[in-house]
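# Structure at a glance
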Amino acid sequence: MAFYASRIIQILPYFLKGLLMTIEVSGISLILSTVLGFVLGILRTADSKLITRSIGVYVDVMRGTPFVVQVFIVFFILPSWGLQLEPLPAAILALTAMTAAFICEVVSGGIKAVPKGQWEAAAASGLTRMQQLRLVILPQSMQTILPPLVGQYVLMIKDSSVVSVIGVTELTRVGWQTVVRIPEGLMVFTLVGILYFVICYPLIRLSNYLEHRLSLQTVKL
Amino acid sequence: MIVFKNVHKWFGKLHVLNDINLHVRSGEVVVICGPSGSGKSTLIRCINRLEKFQQGELYVDGQALHDHSINLTKLRADIGFVFQQFHLYPHMTALQNVTLAPVNVRKIDKKEAVALGREKLARVGLADKAEAYPAQLSGGQQQRVAIARGLAMNPKIMLFDEPTSALDPEMIGEVLDVMVQLAGEGMTMCVVTHEMGFARQVAHRVIFMDAGQLVEKGAPDEFFDHPKTDRAAQFISKILTH
Amino acid sequence: MLINFNFRVIWEYMPLFLEGLRNTFLISIVSLILALMVGILACAARLSRWKLLRAVSIVYIESIRSTPLLVQIYFFYFGLPTLGLRVPELETGIIALMLNSGAYIAEIVRAGITSVPNGQIEAGISSGLSYTQRMRFIVLPQALGVTVPPLLGQAIVLVKDSALLSLISVLELTRCGQELTSERFMPAEGFLTVAVLYLCIYYCLKPLAGWSQKKLIFREEY
Ligand SMILES: Nc1ncnc2c1ncn2[C@@H]1O[C@H](COP(=O)(O)OP(=O)(O)O)[C@@H](O)[C@H]1O
Ligand SMILES: [Mg+2]
């Protein structure tokens, strides 16, 4: 046990490199999925039935299938359609596609929660539809959007562990590689768990705090 | 029936009830008014022990509330309480709301309770709404169901905490009518309200509270027409002009 | 691409897919029932008067929510043997799913109980109802209504989560796609079929969740 503990300390740098890779994959996907998710979320509240329905189907497909299946589809099937991706871009594509769908729901929910009168008041003062959205609606809905948005980021960071199956050397994969050589499963995956905890727990607290702040404001209204 | 003797209560540092002395006789209707935050709700919530107090003595129907060994269930069963926000149970019909406590606290027979519940609902003019859920009723109707819920326990005392403040103006009358009728039948009532018409019509006494103190008490006409203190005069002019 | 999509292979493997589907179904149901028990216990501990019990429950809930399910699965898969426990893959997976969903369910139940407005409880107190009567007639019926929709949501999540058991070689739906890939190298046929079958489960549960949202949640209206 003590022997293994010292070996784990020796290989700690690999875990930190894995952690960095986790942060890199999630960080890039976070930015891309936020942009895509907001665009889709705004379009979801559009008047065109065609647009809202197609986005709805996309969201359902992403929510209705396991992420690991999505990862396999991106990595194994896209190549046969002529899109060969390295593990890292494939991982980012899969994470972005899924998280954007969830963020889309969060954003459209936040926009729909703003009372209709706000749109009407903004329209009455002569703002264009884009201006109504940008200057009046979005700033108000940001408060409702923010807590679940941070929650989605946490889910995404955790889901990024799944891309280890296509060979991205992030934290979980490092743990897996280690446990094959050092048969101390409890210790290795406790360490991996702690490293995830260090990133995710503060974000969960942030999300809770934002929600608490929001509930205080709604009470005052 | 209700006797406050030098009652004090603090919320942390805030002195919400400051040396309250009050004697409500059986069959008396007392209206309590005063600015928001003056401690009116706290005062009547002490009567059924929704709030505790730290100092003084309070007797309700012969029971000493400052004595911690009293039977609270018995006390509360004999006191009806009507909230500003109704607090009807949203998952139960009007009739179920009214019969819940008679069946489970008074342990009376289900059939009997239903008959009792229908009678009380009829009394507040809602015989036809027995099967309706609270969400299907207007504010005024909900508050009348809440009154029927209190009456179903055949209470000795009815307490009302701003029963009409959450209502649209056109619904206030229907609730006050029920309360006027109740007063006429000799029910002991403590009512926190700013409805001056109601106070003049049925109250035996009006009590004015400010900053936790019981500042003035008197007959309604005298209190509203010739208040003795400046604080009361100011308050009356405000509710007159609003 | 659909032109060279090999439907014959899908047909040939259909018995395997159906077995996988059945296993996914069973794993999810069993894990959900176990997770409900764990969740209710953890929630009771979370709301308990004893500090130690509260602390244990908080540590459990927060550490589950802050780490990936896959890591939890590996923790048990590689960890139990180091403790000298030989637990088969399927049971290992169900333990991980149970503990994972249990933590989320604990929070769902807690949110349900705390969502019942204080005025409701005061109304119960005022008519002389005892603590157990208030719980039984007022708090729990309303909490249940608030709890069912997110619980159905958690059931959907659980079905998807069970896909990760394929990575410790439990034969469930996703594993079938992997078999088709490794035996015939036909990932498209394998994983797209798997995806469609998951979508079928999803589209069965989703309307149920929506219905319960409309039917079971009672709100006080002023
Ligand atoms: N549970 C409580 N904790 C702390 N302060 C309270 C609480 N309830 C009421 N207060 C404070 O006590 C004062 C009197 O409240 P209340 O009796 O509700 O006044 P009123 O009914 O006359 O408007 C207010 O300043 C209020 O903020
Ligand atoms: Mg008040």
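Within each chain, residue numbers correspond to sequence positions counted from 1 in written order. The lettering of chains begins at A and the numbering of ligands begins at 1, in the order of writing. Restriction of local features to residues with pLDDT of at least 70 applies here, the model being predicted, together with a cutoff of 80 or more for giving and counting side-chain atom pairs; totals for whole chains, interfaces and linings are based on all residues. Hydrogens and water are ignored here; the side-chain numbers use all heavy atoms of the structure.

## Digging into the overall build of chain C
Per the secondary structure count, chain C includes 9 helices and 0 strands. For chain C, the C-alpha atoms occupy an extent of roughly 70 × 45 × 25 Å along the three principal directions. Burial status across chain C gives 53% buried among its 222 residues. Look at the contacts in chain C between residues 6 or more apart in sequence, and 75% of them connect residues 24 or more apart. Surface summary for chain C: the accessible area is close to 10,700 Å², and the carbon and sulfur share equals 69%. Side chains of chain C carry 18 positive and 14 negative charges; the gap between the two charge centres is 10 Å. By the criteria applied, helices consist of DSSP H or I runs no shorter than four residues and strands consist of E runs no shorter than two, each listed in order from the N terminus. Think of it in three bands: with a 1.4 Å probe and only protein chains considered, a residue is buried below 20% of the maximum accessible area for its type, exposed above 50%, and partly exposed in between. For this analysis, residues touch if any pair of their heavy atoms sits within 4.5 Å. Residue burial considers only the protein chains on display, and all accessible areas are found by Shrake-Rupley using a 1.4 Å probe. Asp and Glu count as negative and Lys and Arg as positive, but His and the ends of the chain are not part of the count. Think of each charge as sitting on NZ of Lys, CZ of Arg, CG of Asp or CD of Glu.

## Topic: the interface of chain A and chain C
If you look at the interface, chain A gives 37 residues, while chain C gives 33 residues. Put simply, buried area is how much 1.4 Å-probe accessible surface two parts lose in total, over both of them, once they are put together. Surface buried jointly by chain A and chain C totals about 3,200 Å² across both partners, of which 77% is contributed by carbon and sulfur atoms. Salt bridge, as applied in this entry: a Lys or Arg side-chain nitrogen positioned within 4 Å of an Asp or Glu carboxyl oxygen. Where chain A meets chain C, there are 1 salt bridge. In this structure, C:Lys206 engages A:Asp60 in a salt bridge whose closest nitrogen and oxygen atoms are separated by 3.1 Å. In the analysis that follows, any N or O atom pair within 3.5 Å is treated as a polar contact, provided that within protein one partner can donate a hydrogen and the other can accept it, and provided that, for residues neighboring in sequence, both atoms belong to side chains. Our count for the contact surface shared by chain A and chain C stands at 6 residue pairs in polar contact (both at pLDDT 80 or more). Contributions of two or more residues to the side of chain A that touches chain C are made by α2 (49-64), α3 (67-77), α6 (129-159), α7 (171-181) and α8 (185-220) of chain A. The dominant element in the side of chain A that touches chain C, judged by the number of residues it contributes, is α8(A), at 12 residues. Polar here means any residue other than Ala, Val, Leu, Ile, Met, Phe, Trp, Tyr, Cys and Pro, which are nonpolar, and Asp, Glu, Lys and Arg, which are charged; Gly is therefore polar. Grouping the amino acids of the side of chain A that touches chain C by side-chain chemistry returns 24 nonpolar, 9 polar and 4 charged.

## Here's the deal with the interface of chain B and chain C
Across the boundary between the two partners, chain B contributes 27 residues, which contact 20 residues of chain C. The junction of chain B with chain C conceals about 2,000 Å² of combined surface from both sides, 61% of it contributed by carbon and sulfur atoms. The three residues of chain B that bury the most area against chain C are B:Tyr89, B:Pro90 and B:His91, which together make up 28% of that side's buried surface. In this structure, the connection of chain B to chain C is made through 1 salt bridge.

## Considering the side chain of C:Ser126
As for its position among the elements, C:Ser126 is in helix α6 (residues 118-126). Residues in contact with C:Ser126, not counting those within four places in the same chain, are B:Asn48, B:Leu50, B:Arg76, B:Ile79, B:Phe81 and B:Phe83.

## Section: the site of ligand 1
All names here are of chain B. Near, as used in this document, describes a residue that has one of its heavy atoms within 4 Å of the molecule or strand being considered. Ligand 1 sits among Phe 11, Leu 14, Val 16, Pro 35, Ser 36, Gly 37, Ser 38, Gly 39, Lys 40, Ser 41 and Thr 42. A distance of 3.0 Å separates an oxygen atom of ligand 1 from a polar atom in the backbone of Gly 39. Within the side chain of Thr 42, an N or O atom sits 2.5 Å from an oxygen atom of ligand 1. Here ligand 1 loses 58% of its free accessible area of 560 Å² to cover by the protein chains. Counting only elements with at least two residues in the shell around ligand 1, the list comes to β2 (14-24) and α1 (40-47). Split by residue class, the shell around ligand 1 holds 4 nonpolar, 6 polar and 1 charged.

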